[in-house]
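What follows is the residue order along each chain.
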Amino acid sequence: MLSTSTTPSQRRHAFRTGLASGRLQVLPGAFTPLSIRLIEDKGFDGAYISGAVMAAELGLPDIGLTTLSEVAHRAHQISRMSDLPTLVDADTGFGEPMNVARTVHELEDAGVAGLHLEDQVNPKRCGHLDGKAVVDTDTAVKRIRAAVDARRDAELVIMARTDIRGVDGLDAAIDRAKALEAAGADAIFPEAMASLDEFAAMRAAVDVPLLANMTEFGKSALFTHQQLADVGVNLVIHPVSLLRIAFGAIERGLDTLLSQGTLDAEVESMQTRGRLYELLDYEAYNAFDASIYTYDGR
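By convention here, each chain's residues receive numbers from 1 onward along its written sequence. Only residues with pLDDT of at least 70 are given local features in this predicted model, and only at 80 or more are side-chain atom pairs given and counted; all residues enter the totals for whole chains, interfaces and linings. Processing note: side-chain calculations cover all non-hydrogen atoms of the structure and skip hydrogens and water entirely.

Attention shifts here to the overall build of the protein. Assigned secondary structure in the protein consists of 13 helices and eight strands. Only the C-alpha atoms count toward the radius of gyration. The rule for a globule is 2.2 Å times the residue count to the power 0.38. At 20 Å, the protein has a C-alpha radius of gyration in line with the 19 Å of a compact globule built from 298 residues. With respect to the principal axes defined by its C-alpha atoms, the protein has extents near 60 × 45 × 35 Å. Here, two residues are considered to be in contact whenever any of their heavy atoms come within 4.5 Å of each other. Taking the contacts inside the protein whose residues are at least 6 apart along the sequence as the reference set, 70% of them involve residues at least 24 apart. Working note: accessible area of the protein is about 14000 Å², and carbon and sulfur atoms make up 54% of it. Helix and strand definitions follow DSSP, with helices as H or I runs of at least four residues and strands as E runs of at least two, each counted in order from the N terminus. What sets the accessible areas is the Shrake-Rupley method with a 1.4 Å probe; for residues, cover comes only from the shown protein chains.

It is worth spelling out the pattern of salt bridges at this point. We count a salt bridge whenever a side-chain nitrogen from Lys or Arg sits within 4 Å of a carboxyl oxygen from Asp or Glu. Counted by the stated rule, this structure contains 18 salt bridges. A salt bridge links Arg-102 to Glu-106; the shortest N-O distance between them is 3.6 Å. Within this pair, Arg-102 and its partner Glu-106 are both found in helix H5 (residues 97–110), separated by four residues, close to a single helical turn. Only protein chains enter the accessibility calculation, which uses a 1.4 Å probe; a residue whose area is less than 20% of its type maximum is buried, one above 50% is exposed, and one in between is partly exposed. Residue Glu-106 is classed as partly exposed on the basis of its relative accessible area, which comes to 27%. Counted as one network, the salt bridges with shared partners bring together Arg-16, Arg-151, Glu-155 and Asp-186.

For this analysis, a ring pair means two rings from Phe, Tyr or Trp (six-membered ring only for Trp) whose centres lie within 6.5 Å, classed as stacked if their planes differ by under 30 degrees, edge-to-face if by over 60, and tilted for the remaining angles. Summed over the entire model, instances satisfying the criterion amount to two aromatic pairs. Ring centres 6.4 Å apart and planes at 85° place the aromatic pair Phe-199 and Phe-223 in the edge-to-face group. Of the two residues, Phe-199 sits in helix H9 (residues 196–205) while Phe-223 sits in the loop between strand E7 (211–213) and helix H10 (225–230), which places them 24 residues apart along the sequence. Summarising the burial analysis for this pair, Phe-199 and Phe-223 share the class buried. The ring of Phe-189 has Arg-161 lying over it, and the distance from NZ or CZ to the ring centre is 5.4 Å. Any Lys NZ or Arg CZ that is within 6 Å of a ring centre and within 35 degrees of that ring's normal is treated as a charge sitting over the ring.

Another aspect to go through is the environment of Met-270. With respect to the helices and strands, the residue Met-270 is situated in the loop between helix H11 (241–260) and helix H12 (273–279). In this structure the C-alpha to C-alpha distance between Met-270 and Ser-5, which are 265 residues apart in sequence, comes to 30 Å.

Turning our eyes to something else, we now look at the pairing of strand E5 (residues 157–162). Counting buried positions along E5 yields six of six residues, so the element is predominantly enclosed. Residues Val-157, Met-159 and Arg-161 line one face of E5 and the alternating positions Ile-158, Ala-160 and Thr-162 line the opposite face, and both faces are buried. When strand E4 (residues 114–118) meets E5, the two strands line up parallel, connected through five bridges. Bridged to His-116 within E5 is Met-159. Should DSSP find at least two bridges between two strands, the strands are taken to pair. Across four bridges, the pairing between E5 and strand E6 (residues 187–190) is parallel. Bridge pairing in E6 places Met-159 opposite Ala-187.

Structure representation (structure tokens):
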């Protein structure tokens with residue numbers, strides 16, 4: 001009713017099991033606690049909590065302005081509302097190796113199943129923008145080792161993201177991925193791959209699970225799930241998609257309100273009150289206290 005019925009460790013185990021299943025795991029981006037309920041209801045494998053989305057919700061660009069406390073708070077709000085495992089964007093770990101260790105603890109406490117740390121220079125920028133800069137391999141490796149050493153629950157997935165493909169090319173990305181795997185990363189997130197062949201090359205280079213980021217308007221084409229599975233990708237995220245869909249609809253609705261003075265024309269495309277209450281599990285609250293549930297389904 002009020003939150004998930006599973007423990008964080010159970011969800012982490014489920015995440016690891018999914019990654020090892022041989023079946024592509026699909027994680028849409030949950031941009032609100034309610035949206036993860038809908039993602040779960042539709043039968044997806046988990047939900048992704050995007051740093052770009054969290055920044056956007058605060059009216060900020062994705063350039064490293066969000067804080068650890070803001071990310072942990074939002075990750076907790078979303079993770080507690082579903083039995084699905086969640087993967088959260090932990091940016092660069094919010095500082096040096098000691099900061100990375102604290103980041104792991106805070107996000108563990110938030111209930112996420114996994115987190116990824118990237119090798120950009122701090123402050124970072126969106127992985128699909130030009131002008132990125134990455135740290136040297138030694139610094140990147142230290143971040144991952146700090147995260148692995150700080151982990152208290154062995155089921156927590158520590159994923160390493162590398163942005164070096166857009167800076168120094170595919171060969172550098174492969175070398176970096178190998179070093180991050182050797183440092184203890186449970187999975188690799190190679191950002192901004194240019195083709196399926198590049199994903200295949202990365203797959204051949206590492207033994208741990210591989211993530212593909214299918215973000216719209218980015219450097220990578222929007223490959224299908226089948227195409228990604230065929231080249232050995234284990235996990236795909238659609239990080240900002242639901243936010244973009246929602247805000248596209250909001251903008252169209254506002255235009256209608258301005259032009260027509262009513263939203264009557266938009267009602268048919270809206271989520272109904274009944275469906276909203278279904279996602280909120282309103283009836284369970286009624287079972288707990290019959291005096292609070294007054295909706296009759298119309």
